[in-house]
Amino acid sequence: MNTKISRIVIVFFALSLIALLYFSFGSKKKVELDSGYQLVMGTFARVVAIAEDSSTAKKCIQIALAEIRKVDELMSDYKIDSEISRINCDAYKAPVKVSSPTFEVLTRSIEFSKLTGGAFDVTVGPLVDLFRSAQEKGVAPSKEQIAQTRLKVGYQKLKLDNQNSTVTFSVDDMRLDLGGIAKGYAIDKAVEVMQQCGATGGMVDIGGDIRCFGAPPKHRKHWLIGLQDPNKTTDEFGMGESLLVLKLTDAAIATSGGYRRFALIEGKKYSHIIDTKTGYSSDQLASVTIISKNATNADALATAVSVMGPEKGLALIEQLPQTEALLITLQPKLQLIKSSGAEKYINPDFQNR
Ligand code: AMP
Ligand code: MG
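For the structure given in this document, a descriptive report is provided here. (Residues numbered from 1 in each chain as written. Chains lettered and ligands numbered in written order. Predicted model: local features only at pLDDT ≥ 70, side-chain atom pairs only at ≥ 80, totals over all residues. Heavy atoms only, no water.)

1. Points about the coordination of the magnesium ion (ligand 2)
Part 1 of the reasoning: In the first shell of the magnesium ion (ligand 2), the protein supplies Gly-180 (O), Asp-299 (O), Asp-299 (OD) and Thr-303 (OG1), at 2.0 to 2.5 Å from the metal.
Part 2 of the reasoning: All donors of the magnesium ion (ligand 2) belong to a single chain; written as a sequence motif, their spacing is G-x118-D-x3-T. Here Asp-299 pairs with Thr-303, and both are found in helix α7 (residues 295-319), just 4 residues apart, close to one helical turn.
Part 3 of the reasoning: Judged by relative accessible area, Asp-299 falls into the buried class, the value being 1%.
Part 4 of the reasoning: Residue classification places Thr-303 among the buried positions, given a relative accessible area of 14%. (Donors = N, O, S within 2.8 Å, 3.2 Å for Na, K, Ca; no water. Helix = DSSP H or I, 4+ residues; strand = E, 2+ residues; numbered from the N terminus. Buried < 20%, exposed > 50% of the residue type's maximum accessible area, 1.4 Å probe, protein only.)

Okay, here's the thing in structure tokens:
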């Protein structure tokens, strides 16, 4: 099970099934509906909708979850009939025509690759596979295997045709892996449909990557999100201690890090995030949290900054509007590194405890 859900914990709710709450918001009554955790995209998703009546809130939750499932059907590389699997199978032989959401994610992915100097790269699939099979065999990949595999990796080898919405690989045996961006994209699509459906506020959480919009829950000024301490051991459900609590309004947050998901090969931990320039996993930071205006940005940038490391990563974040970072260094010395505007998102009440 993907345990990224453990990285960020919503602190203002207990884990719940469908929970319905009525409250007064200014002069108007509001309804708050919580989907509880639902298994989707190999992890847990949770949607909270705030609306003027319960049928609107319920509908918003249903269409948000349906939207997340739709993105998963298109983009999962675990599902053999997904569009991404079809690309992985056929795109070297001939151009593969894809739907507009898949084309959009791939276009955004290439933009992030260019922005991050190749740190973010969805063509990483063959390297992910190499480490996965190395873990199964219990033998670390050789330098030669890494070098050979890297020949099948590189975003420049992925060709997108805007006119025809087709995707082509320029090298055989390439493989796309959207694990670093698809959750963020699904969150943004879910928020979009909730807003169209009439939600006045809401939150979408997929595996700990979260976007919230509009009115916060009852008696709150903001949506409060706990940031997990990656250096503290977690329980069997992946829940750990919160290092701090963030307050968000109309923003998204995503966390990447090798602290929960890694391959253990010959006694050495290899993070699931790979630097395609070296072919090895990137282990410079325990976790990277990005706050941004949308979840696609936050998700892709969190993965990219994990590869780029603290200096280059922070330098990039400082250049981007409405984007902040919270980096946590590896043990033994826990250090929280913040981008210049990150402080305003930290809830001082929790810190002082
Ligand atoms: P995240 O948890 O969002 O950082 O995504 C990590 C997942 O993204 C990994 O499990 C891989 O599926 C994929 N991935 C690994 N390395 C990279 C990379 N350099 N760029 C983009 N995706 C990656
Ligand atoms: Mg990511």
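2. Considering the sheet that holds strand β8 (residues 166-169)
Part 1 of the reasoning: Spatially, β6-β8-β7 is the arrangement adopted by the 3 strands of the open sheet, whose pairing is antiparallel. Of all strands in the sheet, those bounded by a partner on one side alone are β6 (96-97) and β7 (158-161).
Part 2 of the reasoning: Together, β7 and β8 form the strand contacts of helix α3 (residues 100-115), whose direction differs from that of β7 by roughly 125 degrees. (Pairing = 2+ DSSP bridges. Contact = heavy atoms within 4.5 Å. Axes fitted to C-alpha atoms, helices over the stretch in contact; angles between N-to-C directions.)

3. As for the site of ligand 1
Part 1 of the reasoning: In the neighbourhood of ligand 1, 16 residues make up the surrounding shell, with Asp-121, Asp-177, Ser-256, Ile-274 and Thr-303 lying closest.
Part 2 of the reasoning: Note that an oxygen atom of ligand 1 is positioned 3.3 Å from one of the backbone N or O atoms of Gly-179.
Part 3 of the reasoning: Contact with the protein chains covers 97% of the free accessible surface of ligand 1, which is 500 Å².
Part 4 of the reasoning: Of all the elements, α7 adds the most residues to the shell around ligand 1, at 3 residues.
Part 5 of the reasoning: Within the shell around ligand 1, the residues separate by chemical class into 6 nonpolar, 5 polar and 5 charged. (Near = heavy atom within 4 Å. Polar contact = N/O pair within 3.5 Å; in protein donor to acceptor, adjacent residues only side chain to side chain. Areas by Shrake-Rupley, 256 points an atom, 1.4 Å probe, with all protein chains shown as cover. Nonpolar A, V, L, I, M, F, W, Y, C, P; charged D, E, K, R; others polar.)

4. Observations concerning the pairing of strand β18 (residues 287-292)
Sheet faces and side chains relate simply in a regular strand, where the side chains alternate between the two faces.
Part 1 of the reasoning: Of all 6 residues in β18, 6 are buried; the element is thus mostly enclosed.
Part 2 of the reasoning: Here β18 shows a buried face lined by Ser-287, Thr-289 and Ile-291 and a second buried face lined by Val-288, Ile-290 and Ser-292.
Part 3 of the reasoning: Sheet topology places strand β13 (residues 251-256) next to β18; 5 bridges connect them, and they run antiparallel. Counted as the bridge partner of Thr-255 is Thr-289 from β18.
Part 4 of the reasoning: The pairing of β18 with strand β19 (residues 324-328) spans 5 bridges and is antiparallel. Looking at β19, one finds that Ile-291 is bridged to Glu-324.

5. A word on the environment of Ser-281
Part 1 of the reasoning: Relative to the helices and strands, Ser-281 resides in strand β17 (residues 280-281).
Part 2 of the reasoning: Here the alpha-carbon distance between Ser-281 and Ser-271, two residues 10 residues apart in the chain, equals 5.3 Å.
Part 3 of the reasoning: Every residue in contact with Ser-281, bar those within four places of it in the chain, is listed here: Tyr-270, Ser-271, Ile-273 and Ile-274.
Part 4 of the reasoning: For Ser-281, the side chain forms a polar contact with the main-chain nitrogen of Ser-271, separated by 3.2 Å.
Part 5 of the reasoning: Within the structure, the side chain of Ser-281 is placed 3.3 Å from the side chain of Asp-283, a separation counted as a polar contact.

6. Some details on the packing of aromatic side chains
Part 1 of the reasoning: Counted according to the given criterion, the structure contains 4 aromatic pairs.
Part 2 of the reasoning: Pairing Phe-131 with Tyr-270 gives two aromatic rings, centres 5.3 Å apart and planes at 45 degrees, and the pair type is tilted. A residue pair is termed long-range when its members are at least 10 positions apart, and Phe-131 in helix α4 (residues 125-137) and Tyr-270 in strand β15 (residues 268-271) qualify at 139 residues. Exposure class is identical for Phe-131 and Tyr-270. Each is buried.
Part 3 of the reasoning: Note that Arg-46 overlies the ring of Tyr-37, its terminal NZ or CZ placed 5.6 Å from the centroid.
Part 4 of the reasoning: The ring of Tyr-270 carries Lys-268 above its face, with NZ or CZ at 4.6 Å from the centroid. (Phe/Tyr/Trp six-rings, centres within 6.5 Å; stacked < 30°, edge-to-face > 60°. Lys NZ or Arg CZ within 6 Å of the ring centre and 35° of its normal.)

7. Observations concerning the nonpolar core
Part 1 of the reasoning: Counting 72 residues, the largest nonpolar core has Ile-68, Ile-87, Leu-178, Met-194, Val-204 and Ile-290 as its most contacted members.
Part 2 of the reasoning: With 12 residues, α7 is the single largest residue contributor to this core.
Part 3 of the reasoning: Setting aside chain neighbours within four positions, we find Met-194 in contact with Val-47, Val-48, Ala-49, Cys-60, Ile-63, Ala-64, Ala-199, Gly-202, Val-204 and Phe-213. (Core = buried A, V, L, I, M, F, W, Y, C linked by side-chain atoms within 4.5 Å.)

8. A word on unusual backbone geometry
Part 1 of the reasoning: Non-glycine residue Ser-165 carries a positive phi angle of around 50 degrees.
Part 2 of the reasoning: Mapped onto the secondary structure, Ser-165 falls in the loop between β7 and β8.
Part 3 of the reasoning: The residue Gln-322 is not glycine, and still its phi comes out positive at about 50 degrees.
Part 4 of the reasoning: By secondary structure assignment, the location of Gln-322 is in the loop between α7 and β19.

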